[in-house]
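One-letter residues, chain by chain:
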Amino acid sequence: MTASYETIRTRLDGNVLSATFHAPPMNLIGPEVVRDLVGLLEELSQPTAPRVVIFDSADADFFFPHVDMTKVPQYTAEAAKAGGPGDASLGMLFRKLSQLPAVTIAKLRGRARGAGSEFLLACDMRFASRENAILGQPEVGIGTPPGAGAIQHLTRLLGRGRALEAVLTSSDFDADLAERYGWINRAVPDAELDDFVAGIAARMGGFPRDALIAAKSAINAISLPAPAEVRADAALFQQLVRGEEVQQRTAELFEQGFQTRGATELRLGDTLGDLKAGG
């Protein structure tokens, strides 16, 4: 690895790369994060890239809380650089993450909601702190379906009924419930999480690269959504996120402290349930 990034700290240990997101004040997915992610994924697409990548966050409270709702056009323009104007979406960027010739592991502490959850879903494996991990898809509570992969991945992982519950309620899920539903691979006691993930990564990092990537590619062929499905979800999100209803509901959230480190973000699933009914 040769590049340095504004919002991602990287550390290489043999065949395992650790990539830690650090985008103060709260790791919102904005243009800077997307720009760095586009660059990192390009590096990881090379034949000499590490065999295993661990993604985590420097912020114990927020992995990725969601996108920066004030900068949707800007981060979308950055995402387009990964695939061209026809693929100007986080969904297609995250699909590129799923197809990397490397094994990707998400190590979750804190909150991963919206596109933050969708980033995790695009990784090959997800392990979460039992005491300090929250997942959620708040988009419907704001006024639009998820647009970066949640509908595709959660339906495949959770089944129809549980995917509908996760998406339509916009509720927060703790690590134990997320594990039971299949949203994550395992919930691990926080004190054991680092060693647990490091052990799995080191084990796979010692295996032949060709075997790892061939097996991953075969599973991807069965389980990943087609590009057309990802593009359709992204187009619907980008259409509705500009609508009056979303603008009204996000304005109400901003009045309550949305996109700050206060109670509104910490308990977003509850906050959405308290908003006045939409039309």
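Report follows, based on the coordinates. Model, not experiment: these values are computed from the prediction. (Residues numbered from 1 in each chain as written. Predicted model: local features only at pLDDT ≥ 70, side-chain atom pairs only at ≥ 80, totals over all residues. Heavy atoms only, no water.)

## What about empty space enclosed by the protein?
Sizing a probe to match a water molecule and rolling it over the atoms shows the empty space that remains. To keep it simple, the criterion reads: Only protein atoms enter the 1 Å grid used here, on which a cavity is any set of points holding a 1.4 Å probe that cannot leave and a pocket is any open set flanked by protein within 12 Å on both sides along at least five of seven lines; residues with an atom within 4 Å of a point are listed as lining. Grid points are joined across faces, edges and corners, and a volume is the space filled by probe spheres set on the points. Here a strand is any run of E in DSSP of at least two residues, a helix any run of H or I of at least four, and the numbering for each starts at the N terminus. When residues are grouped by polarity, Ala, Val, Leu, Ile, Met, Phe, Trp, Tyr, Cys and Pro land in nonpolar, Asp, Glu, Lys and Arg in charged, and all others, Gly among them, in polar.
Evaluated as defined, the whole model comprises two cavities of 30 Å³ or more. Roughly 230 Å³ of volume is contained in the largest cavity. If you go around the largest cavity, you meet 22 residues; those closest to its centre are Val67, Tyr75, Ala115, Glu139 and Phe237. Elements that contribute at least two residues to the lining of the largest cavity include exactly α2 (72-80), α3 (90-98), α4 (115-122), α5 (139-142) and α11 (227-240). Each residue belonging to the lining of the largest cavity can be placed in one class, and the counts come to 12 nonpolar, eight polar and two charged. Each pocket or cavity is described by its volume, and for the second largest cavity that value is around 70 Å³.

## Points about the layout of surface pockets
The calculated volume of the largest pocket comes to roughly 430 Å³. In terms of lining, the largest pocket is formed by 19 residues, of which the most central are Cys123, Asp124, Ile219, Asn220 and Ser223. Elements supplying a minimum of two residues to the lining of the largest pocket: α4, β6 (125-136), α6 (150-158) and α10 (209-223). Looking at the lining of the largest pocket, the element that brings in the most residues is α10, giving six residues. For the lining of the largest pocket, the per-class residue count stands at 11 nonpolar, four polar and four charged.

## A few points about helix α12 (residues 244-255)
Residues spaced three or four apart along an α-helix point in a common direction, a consequence of the helix completing one turn every 3.6 residues. Threshold: A helix's residues, less one, multiplied by 1.5 Å, set its expected span. Note on classification: 1.4 Å probe, protein chains only; a residue is buried when its accessible area is under 20% of the maximum for its type, exposed when over 50%, partly exposed between these limits. What the arc describes is the spread of directions from the helix axis to the C-beta atoms. Only heavy atoms enter the contact rule, under which two residues are in contact if any of them lie within 4.5 Å.
With 12 residues, α12 should cover 16 Å at 1.5 Å per step; its first-to-last C-alpha distance of 17 Å lies within 8% of that length. Taken together, the buried positions of α12 are Val246, Arg249, Thr250, Glu252 and Leu253. Buried residues of α12, viewed axially, fall in a sector of 155 degrees; they line one side. Among the exposed residues of α12, those oriented more than 90 degrees off its buried face are Glu244 and Glu255. The secondary structure elements touched by the buried residues of α12 are α5, α11, α13 (263-266) and α14 (268-274). Following α12 by one or two positions, Gly257 has its phi on the positive side, about 105 degrees.

## Remarks on the pattern of salt bridges
As a reminder of what qualifies: Salt bridges are counted wherever a side-chain nitrogen of Lys or Arg sits within 4 Å of a carboxyl oxygen of Asp or Glu.
Scanning the model with the defined rule gives 15 salt bridges in all. Asp59 serves as the salt-bridge partner of Arg261, at 2.5 Å between the closest nitrogen and oxygen. Residue Arg261 is located in the loop between α12 and α13, and its partner Asp59 is located in the loop between β3 (52-57) and β4 (62-64); the two are separated by 202 residues in the primary sequence. A salt bridge links Arg113 to Asp172; the shortest N-O distance between them is 2.8 Å. Taken together, the positions of Arg113 in strand β5 (residues 103-113) and Asp172 in strand β7 (residues 172-174) put the pair 59 residues apart, joining distant regions of the chain. What makes Arg113 buried here is its relative accessible area of 1%.

## Notes on the side chain of Arg209
Put simply, the test is: Asp and Glu count as negative and Lys and Arg as positive, but His and the ends of the chain are not part of the count.
Relative to the elements of secondary structure, Arg209 occurs in helix α10. Summary of buried charges: Arg209 has no salt-bridge partner, and the nearest side chain of opposite charge, Asp210, is 5.5 Å away. When residues no more than four places from it in sequence are discounted, the contact partners of Arg209 are Gln46, Pro47, Ala49, Pro50, Arg51 and Pro101.

## Here we look at the nonpolar core
One recurring pattern in soluble globular proteins: nonpolar side chains tend to sit buried together. Defined as follows: Among buried residues, those of type Ala, Val, Leu, Ile, Met, Phe, Trp, Tyr and Cys that are joined through side-chain atoms within 4.5 Å constitute a nonpolar core.
Of all hydrophobic cores here, the largest spans 64 residues; its most connected members are Phe55, Leu90 and Phe119. When residues in this core are grouped by element, the largest group, seven residues, is from helix α1 (residues 31-44). Counting residues in hydrophobic clusters, the runner-up holds 13 residues, among them Val52, Ile105, Phe127 and Leu212.

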